[in-house]
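# Geometric and topological summary
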Amino acid sequence: MFGLAQPENREDHARRLTRDGEMLAAALPRLVLEARRVSSTVVHGLHGRRRAGTGENFWQFRRFVDGEPAARVDWRRSARDQHLYVREQEWEAAHTVWIWPDCSPSMQFVSPLAWETKRDRCVVIAFALADIMVRGGERVGIPGLMRPTASRAIIDRMADALIANAGKAGQNLPPKAPVSRLSEVVILSDCLVPIAEFADEVRSLASFGSRGHVLQINDPIEETFPYKGRVEFEEMEEKLTITAGRAETWRDDYVARLAAHRAELRRECDQRGWSFGIHRTDMPPASAILALHQRMGPGSRDLGMAGGRR
């Protein structure tokens, strides 16, 4: 038996957006503190992303290699012992990371099996990852909401952008906005959207030459489907309801459809050289951030593809 609620009218939709924005604004101070804690914990276990290249900032001295131009020798440093040394500068190619935290209504779901809502976990991962990227010398932006910046106050800036753009931030996927060429895009979402919509989004972002990473964030109950008996389910995006007389008889079909949907998501990512990963909200956020960081950065695409399938 199915029960369908009346679709929202424009006035109800506006009220819901206002309410969702207020709820997000109220939660952000706590999420900012949690993100800073997680970032500080993770960053101590990471190797820096700095590397030698064209730039103005000194990075390190290294031994002179036979065949190099003598003009590259740093004679002052070499005079200290019996070896010749070359002065290397830090690599400063403009690298931008775009991070999209899905704050849509479906992300507000939380079950007794999880520590927090999908939205709160999504925001914590987004803020913490951004903080780590900025510490590593990268610029971070939010597609359609915030221009890239290397500010050390990146978490505060992202929080302000989410509040100021509550309507756009309530979308499942990033708004149609150009991203800088050859940048990286990170989509944090439950990915509960039609596969055609997801494919169009990934295709659009990849057209700019961007490398991408998708992290599907789910509540554990969305995977296990432990329901029994008569249960009414509510679709949080359109406020539609459906009633199951014996929910346990739906479990096998539900699990199969979830697996098929994930396979489609992964296939769309694979076709464009993007990575795909899964994170459950009953797991520590640090594990997801470490996996994402490992897959990101110049030269990490092959590693990212392997890591995204685990």
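Relevant structure appears above.
Residues numbered from 1 in each chain as written. Predicted model: local features only at pLDDT ≥ 70, side-chain atom pairs only at ≥ 80, totals over all residues. Heavy atoms only, no water.

## Regarding the side chain of Ser 111
Within the secondary structure, Ser 111 sits in the loop between β3 (96-101) and α3 (118-135). What makes Ser 111 buried here is its relative accessible area of 6%. (Helix = DSSP H or I, 4+ residues; strand = E, 2+ residues; numbered from the N terminus. Buried < 20%, exposed > 50% of the residue type's maximum accessible area, 1.4 Å probe, protein only.)

## Examining the sheet that holds strand β4 (residues 139-142)
In space, the 6 strands of this open sheet follow the order β5-β4-β3-β6-β7-β10, with mixed pairing throughout. Each having just a single partner strand, β5 (146-149) and β10 (275-280) make up the two edges of the open sheet. Each neighbouring strand pair of the sheet contributes to a mean axis angle of 20°, computed without reference to strand direction. Where β3 lies against β4, 3 bridges are found, and the strand directions are parallel. Paired with Trp 98 across the two strands is Gly 141, which belongs to β4. With respect to the sheet, helix α9 (residues 285-295) is in contact with β6 (184-189), β7 (211-218) and β10, its orientation differing from that of β10 by roughly 170°. (Pairing = 2+ DSSP bridges. Axes fitted to C-alpha atoms, helices over the stretch in contact; angles between N-to-C directions. Contact = heavy atoms within 4.5 Å.)

## What about the packing of aromatic side chains?
Within this structure, the stated rule accounts for 5 aromatic pairs. Ring centres of Phe 225 and Tyr 254 lie 4.7 Å apart, and the angle between their planes is 25°; on these two criteria the pair is classed as stacked. Linking Phe 225 in the loop between α7 (221-224) and β8 (231-235) with Tyr 254 in helix α8 (residues 251-271), this pair joins segments that are 29 residues apart in sequence. Ring centres 5.1 Å apart and planes at 85° place the aromatic pair Tyr 227 and Phe 233 in the edge-to-face group. Look at Phe 233 and you get buried, because its relative accessible area is 18%. Connected via pairs of aromatic rings, a cluster forms that spans Phe 225, Tyr 227, Phe 233, Trp 250 and Tyr 254. (Phe/Tyr/Trp six-rings, centres within 6.5 Å; stacked < 30°, edge-to-face > 60°.)

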